[in-house]
Amino acid sequence: MGERNRGKRKNSAYITVLILLAALSAGKPDGFLSAREALANTWETPRPAEDENVSEEPTVEPTIEPAPEPEPTPIPTPEPTPTAKYVLQSPKAKYKKGGQQGIRYRKVSGRKVYQLHSYTTDTVQLKMSHASTYTVYGGGSKKEVRKKYVTVSASGKVRCHHRERGKNVAALLLAKSKLTGEEQYIYIYFQKKVSSKTAKRVRLYEKATKTLSFDYAKKNLRFTVANRKVAGVDAKGKVTARKKGTTYVTVKVRGSDKNEVRIKIVVREEPWIVSDKDVLYDYNDLTGDMRSLAHKYSGKISYHSLGKTYDKRDIWCLRIGKANAPRKLVIDAAIHAREWLNTQLVMRHTEQILRNYSEYRERFRNVCVYIVPMNNPDGVSISQYGYQAVRNEKLQKKVKKIGHFSRWKNNARGVNLNNNFPAGFRKSKKTKKADWVFYSGKKAASEKETKALMNFVEKVKPKAVINLHSTGSIIYWDFNVGGSLHQQLYRLASKVNSMNRYRMMPKSSSTAMAGGFADWLVYEKNIPSITIETGNVPCPLPHSQYKKIYERNSEMLTWFMTKY
């Protein structure tokens, strides 16, 4: 039993030695034996005697781990071969001496420097021919460099962090090659961020214009607008308001990535000075509106008085265009007191023309339009407010005695001004004294209002006159004249008729000489003058007639003022 155990131990020892030899032979030259070969050359393990009742232990072959394959040796990346020169390859870079505007700290002199231009809003990417390191070398001052107005990253991205309005920034950078140690200086001049000289918010009324102003030349800027329905903008920065709303105009510096500014444009409906809702448009309304228009549209319209009435009211006259223009036109209204609705009509339309003045600017260089909106202000006041409107006690008593205030047609002395001109003047057969409708006065041109209008015409010498009266929706034009004057009257009346569709009246007593203003203009001064009768109900016309009258005559008035 002891011998068997000794045999087992002996075999185990040999097996262990063989395993060690196999391990040592891994990766050795071919002269070494493998574990299996070594085992084959050993003696056989003696079998136990058959008569011995001993279980034979199986022979355990050693497990041999395969030798690990050697890892591949990495192929080294070849170092880039430097170009012949160490240069800046960024586009638009110039290589020259001097020219380092704005550099007062560490300015480089006596050698060439790369120079670039950019904007304080934009990033500059430097591209050198070698891998490089970058530092900010100099600047406008030592303080600017210390406070890092300009910085550069390891990859060569240069940024300006100082964007004060109107401030240009300069920086000098040093680039050093990692391959050769060569150095290059790079000067960058950052131009200021564009800013508006007007405002960042512009409020405009519809159809109004505004030219934006900036601290850059217009040729270097590009203008775009977000919503063209609200406003438009041209290449010179002129904004035209179109429709109520809000939009933005973007102003960008050409050649820049981010150098831009946005201007907010707010378009509002323009409030009217002359109200079309005023149901009783009186002398005070006219006076106030006239002054407001002259203030708002200064340089485009002016006003003056043709003279005073008997109750010390002014006969106002407005002028659009130059007084020395070679061609002059006149529109007048309310020579008859109860026809005051036409005053509101002509004043409202005057404002409409002024709102669109830019469209007619060239026209008014050579044409002057005069508007006399209320020829008879005393009479209008009586028609609207009764005898109490007369401030002169003597005249007030006379008017009070006559009565018929709302239908009043004459002036404060009871004279019908449209029968008082020296063109077929005759005394009224119906009355020989002052009244509210018929009386034509003691003699031709006896009244202050008549004289004021005559003096005005003599001075202005208009090419044509339109008289606004009421009522009937008709046109009086066919005076008893011939030749060129009749042709002018016909052409004028026909054009008016084509727009307001009022009926052109034939010759009648209404166009015979009878002391009317139009009679005097045509027969005595040879000036084409037509009378337009607005409305279609008895005077004074109710305000409900105003809208229709305006719609029928707006185009006509525009044509006469801007194209005739």
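Refer to the structure presented above.
Student: How do you make sense of the overall build of the protein when you look at a structure like this?
Tutor: Each helix and strand counted, the protein has 13 helices and 23 strands in total. A buried classification covers 47% of the 564 residues belonging to the protein. In the protein, once contacts between residues fewer than 6 apart in sequence are set aside, the share between residues at least 24 apart is 70%.

Student: Explain the environment of A131 to me, please; I cannot follow it from the model alone.
Tutor: Take A131: it is sitting in the loop between β3 (124-125) and β4 (132-139). A relative accessible area of 43% means that A131 is categorised as partly exposed. When the C-alpha positions of A131 and G156 are compared, they lie 10.0 Å apart, and in sequence the two are 25 residues distant. If sequence neighbours within four positions are ignored, A131 has contacts with K176, S177, K178 and L179.

Student: Explain the nonpolar core here, please?
Tutor: Taken as a class, soluble globular proteins show a tendency for nonpolar side chains to be buried jointly. Ranked by size, the top nonpolar core spans 60 residues in total, and within it I320, M347, I530 and F560 carry the most contacts. Of all the elements, helix α13 (residues 546-562) adds the most residues to this core, at eight residues. If you look at the next biggest cluster of nonpolar residues, it comprises 24 residues, including A325, V372, F421 and I527.

Student: Is there a simple way to explain α13 in this structure?
Tutor: Because an α-helix completes one turn every 3.6 residues, residues spaced three or four positions apart along the sequence face the same direction. For α13, built from 17 residues, the straight-helix expectation of 24 Å at 1.5 Å per residue is met to within 8% by its first-to-last C-alpha distance of 23 Å. Of all the bends in α13, the largest measures some 45° and sits at N553. Looking at α13, one finds that the buried residues are Y546, I549, Y550, N553, S554, M556, L557, T558, W559, F560, M561 and T562.

Student: Is there a simple way to explain unusual backbone geometry in this structure?
Tutor: Glycine aside, residues mostly have negative phi angles, and peptide bonds mostly take the trans form. Residue T471 is bonded to the preceding S470 through a cis peptide linkage, with omega at 20°. When you line up the elements, T471 lands in the loop between β20 (464-470) and β21 (474-476). Cis geometry marks the peptide bond from C539 to P540; its omega dihedral reads 0°. Inspection of the secondary structure puts P540 in the loop between β23 (529-534) and α13. Positive phi, normally seen in glycine, also occurs at A334, with a value near 60°. Within the fold, A334 resides in the loop between β18 (327-333) and α5 (341-355). Owing to a relative accessible area of 0%, A334 belongs among the buried residues under this scheme.

Student: What is the right way to read the sheet that holds strand β16 (residues 301-308) from this model?
Tutor: Whether parallel or antiparallel, the strands of a sheet pair through hydrogen bonds between backbone atoms. Taking strand neighbours across the sheet as the criterion, the eight strands line up as β16-β17-β19-β18-β20-β23-β21-β22 in an open arrangement whose pairing is mixed. The open sheet terminates on both sides in strands that have one partner only, identified here as β16 and β22 (503-505). Going from strand to strand, the sheet's axes swing by 20° on average, the running direction of each strand aside. As paired elements, strand β17 (residues 314-320) and strand β19 (residues 367-372) share three bridges and run antiparallel to each other. When the sheet's bridge partners are listed, R319 is paired in β19 with Y370.

Student: Is there a simple way to think about the pattern of salt bridges in this case?
Tutor: Between side chains of opposite charge, pairing is possible as soon as their charged atoms come close. For the structure shown, the criterion picks out twelve salt bridges. A salt bridge links R391 to D311, with the shortest nitrogen-to-oxygen separation between them at 3.7 Å. Of this pair, R391 sits in the loop between α8 (377-385) and α9 (393-402) while D311 is found in the loop between β16 and β17, placing the two residues 80 residues apart along the sequence. Looking at R391, the relative accessible area reads 52%, which means it is exposed. Between E458 and K525 there is a salt bridge, and its shortest N-O distance comes to 2.9 Å. Of this pair, E458 sits in helix α10 (residues 448-460) while K525 is found in the loop between α12 (517-524) and β23, placing the two residues 67 residues apart along the sequence. For E458, a relative accessible area of 36% puts it in the partly exposed group. The network of salt bridges with common partners includes D311, R313, D378 and R391.

Student: Looking at this structure, how should I read the sheet that holds strand β8 (residues 183-191)?
Tutor: Strand order in this open sheet of five strands is β1-β2-β8-β7-β4, and the pairing throughout is mixed. One side of each edge strand has no neighbouring strand; the edge strands of this open sheet are β1 (94-96) and β4. Shown here is a sheet whose adjacent strand axes are inclined to one another by a mean of 30°, direction ignored. Inspection of the sheet shows β1 paired to strand β2 (residues 113-119) by three bridges, in the antiparallel sense.

Reading the values: the criteria
Residues numbered from 1 in each chain as written. Predicted model: local features only at pLDDT ≥ 70, side-chain atom pairs only at ≥ 80, totals over all residues. Heavy atoms only, no water. Helix = DSSP H or I, 4+ residues; strand = E, 2+ residues; numbered from the N terminus. Buried < 20%, exposed > 50% of the residue type's maximum accessible area, 1.4 Å probe, protein only. Contact = heavy atoms within 4.5 Å. Core = buried A, V, L, I, M, F, W, Y, C linked by side-chain atoms within 4.5 Å. Expected span 1.5 Å × (residues − 1). Bend = angle between axes of the 7 residues up to and from the residue. Pairing = 2+ DSSP bridges. Axes fitted to C-alpha atoms, helices over the stretch in contact; angles between N-to-C directions. Salt bridge = Lys/Arg side-chain N within 4 Å of Asp/Glu carboxyl O.

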